[in-house]
Amino acid sequence: MFKKIILFNQGIISSSNLGLKLLYIGVFLLPTAPAVAGFILFLSLLFSKNNNPIDYLKEKTNKVFIIVTILMILSCIYNNFTNTIFLQKGLSSLSWISLVNWIPFFWCFWGFQPYLEKQNIRKMIAKLLVIGSIPVIISGFLQYFFNITGPFQILNGLIIWYQKPISLTDGLTGPFNNANYAGSWLTLVWPFSLYYFLINKKKSKKIITAIICFLFITSILLTNSRNSWLGMLISIQIMLGFETIFILIPLILIAFILITFLISVLPTSIRNDFVLFVPINIFNNFPDKSIDFREAYPRLEIWKFSIENIFKRPLLGWGGGSFPIVYETFKGKWIGHPHNIIFELAFNYGVLTALIISSKVSQYLYKYYKLIANYAVLKINISKRNLIFEKTWFSSILFITYSHLFDMQYFDLRISMITWILLSGLRAAMI
């Protein structure tokens with residue numbers, strides 16, 4: 001299926017090559033040992049060509065992130081002095097600690113680019129993501145079908161897996177603590193598994209990659225994550241019908257909304273009968289007509305609250321990590337985040353910060369799309385399998401970007417790290 005993966009060659013290697021090997025190891029360990037992987041990945045940045053702070057400040061494309069960094073720090077300072085006594089007590093140093101979710105990753109975005117300029121390196125990253133995710137799938141199956149939850153530990157407890165027991169209405173989580181997070185990870189890696197199925201012509205490799213694709217599809221379905229189900233379908237469309245994505249993706253979205261509505265109006269008795277015969281409880285993710293509209297669609301109320309309070313502090317927001325405290329203060333209920341990354345940024349750090357980051361990411365996505373479209377139309381010096389790979393990379397980053405409009409998986413280190421690596425690769429491919 002895969003060509004032999006060589007992580008270390010004999011003899012002396014340059015510092016940049018060492019950094020690349022560390023990048024490979026970090027990506028491979030990321031889904032199963034995120035803390036260890038995170039340390040290795042940050043270590044790899046020390047050996048990157050982009051590791052000089054002076055160069056970072058001079059780089060034109062980094063000016064946006066420098067501005068955002070200043071705005072985030074100003075937000076922390078401002079909110080430390082202006083929040084009410086209750087909010088100051090609740091937030092304490094949390095607003096400063098929350099900067100760790102953003103500022104280091106701006107450096108990662110720049111630091112990983114020299115490694116990811118060449119497509120063959122990005123292909124290796126894709127291989128390692130697929131292979132590294134197989135333990136996630138296996139552990140998820142053990143959890144879902146055999147109720148084997150651990151805890152499992154290796155390296156004298158350095159790496160510990162605990163998988164929570166699940167009921168009939170829960171989805172597969174594997175080593176993730178949330179089924180939506182597991183679904184997001186598997187769905188962003190899924191296009192790469194499909195890529196290797198499409199390009200392998202040898203029968204034995206075709207069978208192996210087909211099995212891996214089947215495992216990914218099954219595990220994604222078992223997460224009971226609508227976001228992931230939709231992402232899986234859209235990824236297929238992007239890879240196989242890139243030229244028509246602006247027509248078919250809206251149709252897929254409309255069909256998904258229609259299916260959601262039709263399932264929601266099914267009588268409870270019919271839904272319960274289906275649950276007894278269908279091993280995957282898909283109905284748990286669709287609203288029941290017997291419950292209140294707000295209860296059926298809680299995100300709408302959360303988004304409404306977010307927008308109302310964003311406009312109360314539009315310039316610098318409420319401070320990092322403030323949303324659950326503010327929500328509980330006014331609503332008497334704990335909600336961890338706004339379930340939308342743009343609202344999260346605007347709520348915590350202000351509207352300008354949210355607009356700058358979202359517009360920059362959107363700009364990169366659009367430029368990358370145009371690059372692929374030009375390759376496809378003009379057939380510019382690129383083989384078919386290389387073109388498919390660029391579509392694969394695009395579909396992966398597009399999924400994780402749009403999925404953050406409906407949920408916030410970003411605060412899982414695995415998701416945030418791979419998101420910035422994918423964005424870095426996208427930017428590097430356009431240099």
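Residues numbered from 1 in each chain as written. Predicted model: local features only at pLDDT ≥ 70, side-chain atom pairs only at ≥ 80, totals over all residues. Heavy atoms only, no water.

1. Describing the overall build of the chain
- Each helix and strand in the chain was counted, giving 21 helices and two strands.
- Here the chain holds 431 residues, and 52% of them are scored as buried.
- When contacts within the chain are restricted to residue pairs at least 6 apart in sequence, long-range pairs at least 24 apart make up 72% of them.
- Carbon and sulfur atoms form 68% of the exposed surface of the chain, whose accessible area is close to 20600 Å². (Helix = DSSP H or I, 4+ residues; strand = E, 2+ residues; numbered from the N terminus. Buried < 20%, exposed > 50% of the residue type's maximum accessible area, 1.4 Å probe, protein only. Contact = heavy atoms within 4.5 Å. Areas by Shrake-Rupley, 256 points an atom, 1.4 Å probe, with all protein chains shown as cover.)

2. Section: the packing of helix 12 (residues 226-240) against helix 20 (residues 384-403)
- Interhelical geometry of helix 12 versus helix 20 gives an angle of 155 degrees and a closest axis separation of 9 Å. Relative to helix 20, the element helix 12 is oriented roughly antiparallel. In terms of crossing hand, the pair formed by helix 12 and helix 20 is right-handed. Listed contacts from helix 20 to Asn-227, Ser-228, Leu-230, Gly-231, Ile-234, Ser-235, Ile-238 and Met-239 of helix 12 are Ile-388, Lys-391, Thr-392, Phe-394, Ser-395, Leu-398, Phe-399, Tyr-402 and Ser-403.
- Residues belonging to the contact of helix 12 with helix 20 are distributed by class as follows: nine nonpolar, seven polar and one charged. (Axes fitted to C-alpha atoms, helices over the stretch in contact; angles between N-to-C directions. Parallel < 35°, antiparallel > 145°, perpendicular 65-115°, else oblique. Left-handed = near helix turned anticlockwise from the far one by under 90°. Nonpolar A, V, L, I, M, F, W, Y, C, P; charged D, E, K, R; others polar.)

3. Notes on the packing of aromatic side chains
- Under the defined criterion, the tally for this structure stands at 33 aromatic pairs.
- The interplanar angle of 80 degrees and the centroid separation of 6.0 Å between the aromatic rings of Phe-305 and Phe-323 together place this pair among those described as edge-to-face. In this pair, Phe-305 sits in helix 16 (residues 298-310) while Phe-323 sits in helix 17 (residues 323-331), placing the two residues 18 residues apart along the sequence.
- Relative to Tyr-327, the ring of Phe-305 has its centre 4.7 Å away and its plane inclined at 70 degrees; by these criteria the two rings are edge-to-face. Pair noted here: Phe-305 is in helix 16 and Tyr-327 is in helix 17, with a separation of 22 residues, a long-range link.
- With relative accessibility at 4%, the residue Phe-305 sits in the buried group.
- A connected cluster of aromatic rings, assembled from ring pairs, spans Phe-305, Trp-318, Phe-323, Tyr-327, Phe-330 and Phe-347.
- A cation over a ring is seen here: Arg-122 above Trp-393, with NZ or CZ 5.5 Å from the ring centre.
- In this structure, Arg-414 packs its charged tip against the face of Phe-176, placed 3.9 Å from the ring centre. (Phe/Tyr/Trp six-rings, centres within 6.5 Å; stacked < 30°, edge-to-face > 60°. Lys NZ or Arg CZ within 6 Å of the ring centre and 35° of its normal.)

4. Remarks on the pattern of salt bridges
- Under the defined criterion, the tally for this structure stands at five salt bridges.
- Two residues, Glu-390 and Arg-122, come together in a salt bridge whose shortest N-O distance is 3.1 Å. Residue Glu-390 is located in helix 20, and its partner Arg-122 is located in helix 9 (residues 119-146); the two are separated by 268 residues in the primary sequence.
- By relative accessible area, Glu-390 is classed as buried at 7%.
- Note that Glu-308 is salt-bridged to Lys-304, the shortest N-O span being 2.9 Å. With Glu-308 and Lys-304 both in helix 16 and four residues apart, the pair spans about one turn of that helix. (Salt bridge = Lys/Arg side-chain N within 4 Å of Asp/Glu carboxyl O.)

5. Section: the confidence of the model for the chain
- When pLDDT is averaged across the chain, the result is 83; 79% of the residues are at 70 or more.
- In this model residues 1-13 is a low-confidence stretch, pLDDT under 50, and it forms 21 contacts with partners more than four residues away in sequence or in other chains. (pLDDT = per-residue confidence, 0-100.)

6. Some details on a nonpolar patch on the surface
- Taken together, the side chains of Ile-70, Ile-73, Leu-74, Ile-77, Phe-81 and Trp-96 present a nonpolar region at the surface, about 580 Å² in accessible area.
- Considering every element that reaches the nonpolar patch, the biggest residue donor is helix 4 (residues 63-82), with five residues.
- Summarising the element assignment, Trp-96 is placed in helix 6 (residues 94-97). (Patch = residues over 30% accessible without salt bridge, like charges linked within 9 Å, V, L, I, M, F, W, Y side chains within 5 Å.)

7. Comments concerning the environment of Ile-66
- Here Ile-66 is to be found in helix 4.
- Residues Ile-66 and Ile-103 lie 37 residues apart in sequence; the distance between their C-alpha atoms is 9.0 Å.
- For Ile-66, the residues in contact, after removing those within four places along its chain, are Tyr-56 and Leu-57.

8. A look at helix 17
- When we look at burial in helix 17, the residues that qualify are Phe-323, Pro-324, Ile-325, Val-326 and Tyr-327.
- At the exit of helix 17 stands Gly-332, carrying a positive phi of roughly 70 degrees.

9. What about the side chain of Gln-143?
- Structurally, Gln-143 is set in helix 9.
- Here Gln-143 is in contact with Ile-148, Gln-163, Lys-164, Ile-166, Leu-172, Thr-173 and Gly-174, once residues within four sequence places are set aside.

10. Quick look at the nonpolar core
- Core analysis: the biggest nonpolar cluster contains 107 residues, and Leu-23, Met-72, Phe-106, Phe-112, Leu-116, Trp-185 and Leu-188 have the highest contact counts within it.
- Considering each element in turn, this core owes the most residues, twelve residues, to helix 10 (residues 179-199).
- Non-local contacts of Phe-112, meaning those with residues more than four positions away in its chain, are made with Leu-23, Leu-41, Ser-44, Leu-45, Met-417, Ile-421 and Ser-424. (Core = buried A, V, L, I, M, F, W, Y, C linked by side-chain atoms within 4.5 Å.)

11. Thoughts on the packing of helix 9 against helix 10
- Packing of helix 9 against helix 10 leaves a shortest axis separation of 9 Å and a crossing angle of 120 degrees. On the basis of their axis angle, the class for helix 9 and helix 10 is oblique. When you trace helix 9 past helix 10, the crossing you get is left-handed. Residues Lys-123, Ala-126, Lys-127, Leu-129, Val-130, Ser-133, Val-136 and Ile-137 of helix 9 form the contact with helix 10, whose own contacting residues are Trp-185, Leu-186, Val-189, Phe-192, Ser-193, Tyr-195 and Tyr-196.

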